[in-house]
Amino acid sequence: MAKPQVVVAPVLMSKLSVNAPEFYPSGYSSNYTESYEDGCEDYPTLSEYVQDFLNHLTEQPGSFETEIEQFAETLNGWVTTDDALQELVELIYQQATSIPNFSYMGARLCNYLSHHLTISPQSGNFRQLLLQRCRTEYEAKDQAAKGDEVTRKRFHAFVLFLGELYLNLEIKGKNGQVTSADILQVGLRELLNALFSNPMDDNLICAVKLLKLTGSVLEDAWKEKGKMDMEEIIQRIENVVLDANCSRDVKQMLLKLVELRSSNWGRVHATSTYREATPENDPNYFMNEPTFYTSDGVPFTAADPDYQEKYQELLEREDFFPDYEENGTDLAGAGDPYLDDIDDEMDPEIEEAYEKFCLESERKRKQ
């Protein structure tokens, strides 16, 4: 007789069948179809249940808030042994480092389970086992950073997941204060060293992504401790731009990162504590507004009193997108000299910034 098939729901009820040879949920609530024959039921294993929920989160990340509590409750009745907890950690780690864009969701899931799973065996609780699993990858960082393309790709996924863990994994102290895991801060610093010590394009791109993700938080934490780690990292980047044989595009990414850091990682602090910023109380209100030009070549911005009148005149004077076709497939036409050369010439602003950067760096070296 054919074996009955059950499509597992993303959310299972937490009550367990104590008489079963393995711990299986005794029932489920779902919108999925269940089929039974001769009263026989087909239950999922822990691995199948967890993997089903992870895939569900991957496809529908918005369901995290509504379904995570039920998921944790089910696990509390199911994960009752060291082996089960180890399996759970491994499943989440693999999903977070192998599925694109799941590293953030995986870090959030790890943070929630670290506070809501009740099992705490001698081998370590959920958070401790998770950090041990990460340490296994961390200890192979130097070999991984210089490994083959597949090895480096797996290493980069781990690096970015660790960055998300640093931002999302909360540790509650005895007095209820919430802090981040300092051990991850140290780990990220060493991972950056490994990436910059092997300045291949994909390693450098990974370093840029990590610093865009965590740079502001790392620098704030280091400054609080009186450390100059970010200054050292920026110096490493400058040395790479000047000396490494990386591609032009990667050098531009590195320069943009240095520029981002010089602007305090893009953070804008409010100029008025008690009032919303307006043109009257904030002199920088129009700082990021574009500059336009009248027919006489006179520049104007949104800060000018007669902006609306000048801007309307500009709209009437200019014929925007003259080559636009109705189907939206051709904006410039074939053979456009700018589009043809766009991949062969550095953007003028980037080129100018690069030249200034090189001259400034050379000056610093001679001092």
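Residues numbered from 1 in each chain as written. Predicted model: local features only at pLDDT ≥ 70, side-chain atom pairs only at ≥ 80, totals over all residues. Heavy atoms only, no water.

Looking at an unreviewed UniProt entry, one finds the protein chain named Polyadenylate-binding protein-interacting protein 1, with Sapajus apella as its source organism. For the protein chain, the Subunit (unreviewed entry) comment in UniProt is given as "Interacts with the RRM1-RRM2 and C-terminus regions of PABPC1 in a 1:1 stoichiometry. Interacts with EIF4A." (UniProt positions renumbered as here; feature names shortened; annotations may be inferred.)

Trainee: Please explain unusual backbone geometry as it appears in this structure.
Mentor: Among all residues save glycine, negative phi is the norm, and among peptide bonds the norm is trans. For N101, which is not a glycine, the phi torsion comes out positive at approximately 70 degrees. Considering the arrangement of structural elements, one finds N101 in the loop between α3 (82-98) and α4 (103-116). Notably, N264 is not glycine yet its phi reads approximately 60 degrees, a positive angle. Looking at where N264 falls in the secondary structure, it is placed in the loop between α11 (248-262) and β5 (292-293). Residue classification places N264 among the partly exposed residues on the basis of a relative accessible area of 26%. (Helix = DSSP H or I, 4+ residues; strand = E, 2+ residues; numbered from the N terminus. Buried < 20%, exposed > 50% of the residue type's maximum accessible area, 1.4 Å probe, protein only.)

Trainee: Is there a simple way to think about the packing of aromatic side chains in this case?
Mentor: Both the distance between ring centres and the angle between the ring planes are used here to describe each pair of aromatic rings. Scanning all chains against the criterion turns up four aromatic pairs. An angle of 5 degrees between the planes, with centres 3.9 Å apart, marks the rings of F53 and F71 as stacked. Taken together, the residues span a long stretch of sequence, with F53 in helix α1 (residues 46-59) and F71 in helix α2 (residues 64-78) at a distance of 18 residues. F71 matches F53 in its accessibility class, with the two residues each being buried. Aromatic rings pair up to connect Y49, F53, F71 and W78 into one cluster. One Lys or Arg, R133, reaches over the ring of Y93 and ends 4.1 Å from the middle of that ring. When the ring centre of Y138 is taken as reference, the NZ or CZ atom of K141 above it lies at 4.1 Å. (Phe/Tyr/Trp six-rings, centres within 6.5 Å; stacked < 30°, edge-to-face > 60°. Lys NZ or Arg CZ within 6 Å of the ring centre and 35° of its normal.)

Trainee: Quick question: what am I supposed to make of the nonpolar core here?
Mentor: As a rule of thumb, soluble globular proteins bury nonpolar side chains together. Core analysis: the biggest nonpolar cluster contains 76 residues, and L75, L88, L113, F126, F196 and I237 have the highest contact counts within it. If one sorts the elements of this core by residue count, helix α9 (residues 201-224) sits on top with nine residues. Look past the residues within four positions of F126 in its chain and what remains in contact with it is L85, L88, V89, I92, C110, L113, S114 and L117. (Core = buried A, V, L, I, M, F, W, Y, C linked by side-chain atoms within 4.5 Å. Contact = heavy atoms within 4.5 Å.)

Trainee: Before we go on, may I ask you to explain the confidence of the model for the protein chain in this structure?
Mentor: Low pLDDT marks stretches whose predicted atomic positions should not be read closely. Considering every residue of the protein chain, the mean pLDDT works out to 77; 62% of them sit at 70 or more. Across residues 1-40, confidence stays below pLDDT 50; counting only partners more than four residues off in sequence or on other chains, it has 73 contacts. Every residue in residues 319-344 is under pLDDT 50, and counting partners more than four places away or in other chains gives eleven contacts. (pLDDT = per-residue confidence, 0-100.)

Trainee: Help me out: how do you make sense of α4 in this one?
Mentor: Every α-helix winds through 3.6 residues per turn, so residues three or four apart in the chain are directed the same way. With 14 residues, α4 ought to run about 20 Å at 1.5 Å a step, and its terminal C-alpha atoms sit 20 Å apart, in line with that. Counting buried residues in α4 gives ten out of 14 residues, a clear majority hidden from the surface. (Expected span 1.5 Å × (residues − 1).)

Trainee: What is the right way to read the state of the cysteines from this model?
Mentor: Disulfide: a covalent bond formed between the sulfur atoms of two cysteine residues. All told, the structure shown has zero disulfides when counted by the stated rule. In this structure C110 is not part of a disulfide, and its nearest cysteine sulfur, from C134, lies 7.6 Å away. Note on C110: relative accessible area 0%, which makes it buried. (Disulfide = S-S within 2.5 Å.)

Trainee: For this particular structure, what's the right way to read the pattern of salt bridges?
Mentor: Oppositely charged side chains can form a pair if their charged atoms are brought close together. In the structure shown here, the tally under the stated rule is twelve salt bridges. In this structure, R108 and E65 form a salt bridge, with 2.4 Å as the shortest nitrogen-oxygen distance. Residue R108 is located in helix α4, and its partner E65 is located in helix α2; the two are separated by 43 residues in the primary sequence. What emerges from the salt-bridge pattern is a single network uniting E219, K223, E231 and R261. (Salt bridge = Lys/Arg side-chain N within 4 Å of Asp/Glu carboxyl O.)

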